[in-house]
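# Understanding the architecture of this molecule
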Amino acid sequence: LGLAHNALGDITIAIAYLEESLAMRKLIYCDKPHPSIANSLNNLGGAYKDLGDTSKAIAYFEESYAMFLKVYGAEHPRTQAVKKNLLGTADDCLQTLNMKIDILGDVQHEEIAFSLGSVGRGYQALGDRENALKSYKQSYEMYNEIKGEDHPKTQEAKTNLEYLQNQATPST
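Not measured: the values here are computed from a predicted model. (Residues numbered from 1 in each chain as written. Predicted model: local features only at pLDDT ≥ 70, side-chain atom pairs only at ≥ 80, totals over all residues. Heavy atoms only, no water.)

A count of helices and strands for the chain gives eight helices and zero strands. The principal-axis extent of the C-alpha atoms belonging to the chain is close to 45 × 45 × 30 Å. As presented, the chain carries roughly 9,900 Å² of accessible surface, and 52% of it is formed by carbon and sulfur atoms. Side-chain charges of the chain comprise 17 positive and 23 negative groups, with the mean position of each set lying 6 Å from the other. (Helix = DSSP H or I, 4+ residues; strand = E, 2+ residues; numbered from the N terminus. Areas by Shrake-Rupley, 256 points an atom, 1.4 Å probe, with all protein chains shown as cover. Lys, Arg positive; Asp, Glu negative; His and termini not counted. Charge placed at Lys NZ, Arg CZ, Asp CG, Glu CD.)

So this is what it looks like as structure tokens:
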């Protein structure tokens, strides 16, 4: 039902059904990695992408991708399909950021700060730590300048940045 509503453009209704489906599949498979759960996560990512919420889309695609990696490995067609969804959504974030910069100019603006955070999440999901840190730092600095240190959006951006900074740097 969720996919049918999504195809009809009833995205908020689709998301409700897709979330219900995910909850049932997690219950059935005891919340252990399973292709059905990964598929539900991917479907939710697609619905959120269609809704325009790229941050949530990336989060669901990232979780789906990680689960398909565990279940099937990197070369399986399902894993590759979700990776393509993740890459496409990350690319959409970059395009949105560039469009906002074109419209708003080279100014400090909340919409640009939000997009920088989404771009950072995309880079992080793809394993590009350096660009993720750069985007998160720019997002945090812009929110701090616009909203101040104590604003919830500034604090969220700071948390994203600190989380990634505190992760061990991958060895080469």
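Moving on, we get to the side chain of Thr154. With respect to the helices, strands and loops of the structure, Thr154 is situated in helix α8 (residues 152-166). Discounting chain neighbours no more than four positions away, the residues touching Thr154 are Tyr140, Tyr143, Asn144, Lys147, Gly148 and Glu149. (Contact = heavy atoms within 4.5 Å.)

The next subject is the packing of helix α3 (residues 35-51) against helix α4 (residues 54-72). The interhelical angle for the contact between α3 and α4, taken along N-to-C directions, is 160 degrees, at an axis separation of 8 Å. By the criterion of interaxial angle, the relationship of α3 to α4 is roughly antiparallel. Viewed along their axes, α3 and α4 form a crossing whose handedness is left-handed. Note on element contacts: α4 touches α3 through Lys56, Ala57, Tyr60, Phe61, Glu63, Ser64, Met67, Phe68, Val71 and Tyr72, opposite Pro35, Ile37, Ala38, Asn39, Leu41, Asn42, Leu44, Gly45, Gly46, Tyr48 and Lys49. For the contact of α3 with α4, the per-class residue count stands at 13 nonpolar, five polar and three charged. (Axes fitted to C-alpha atoms, helices over the stretch in contact; angles between N-to-C directions. Parallel < 35°, antiparallel > 145°, perpendicular 65-115°, else oblique. Left-handed = near helix turned anticlockwise from the far one by under 90°. Nonpolar A, V, L, I, M, F, W, Y, C, P; charged D, E, K, R; others polar.)

Glancing now at the packing of aromatic side chains. Counted according to the given criterion, the structure contains two aromatic pairs. Note on Tyr48 and Tyr60: the rings are 5.6 Å apart at their centroids and 5 degrees apart in plane angle, and the pair reads as stacked. Taken together, the residues span a long stretch of sequence, with Tyr48 in helix α3 and Tyr60 in helix α4 at a distance of 12 residues. The interplanar angle of 10 degrees and the centroid separation of 5.8 Å between the aromatic rings of Phe68 and Tyr72 together place this pair among those described as stacked. You can see Phe68 and its partner Tyr72 sitting in helix α4, four residues apart, about one turn around the helix. (Phe/Tyr/Trp six-rings, centres within 6.5 Å; stacked < 30°, edge-to-face > 60°.)

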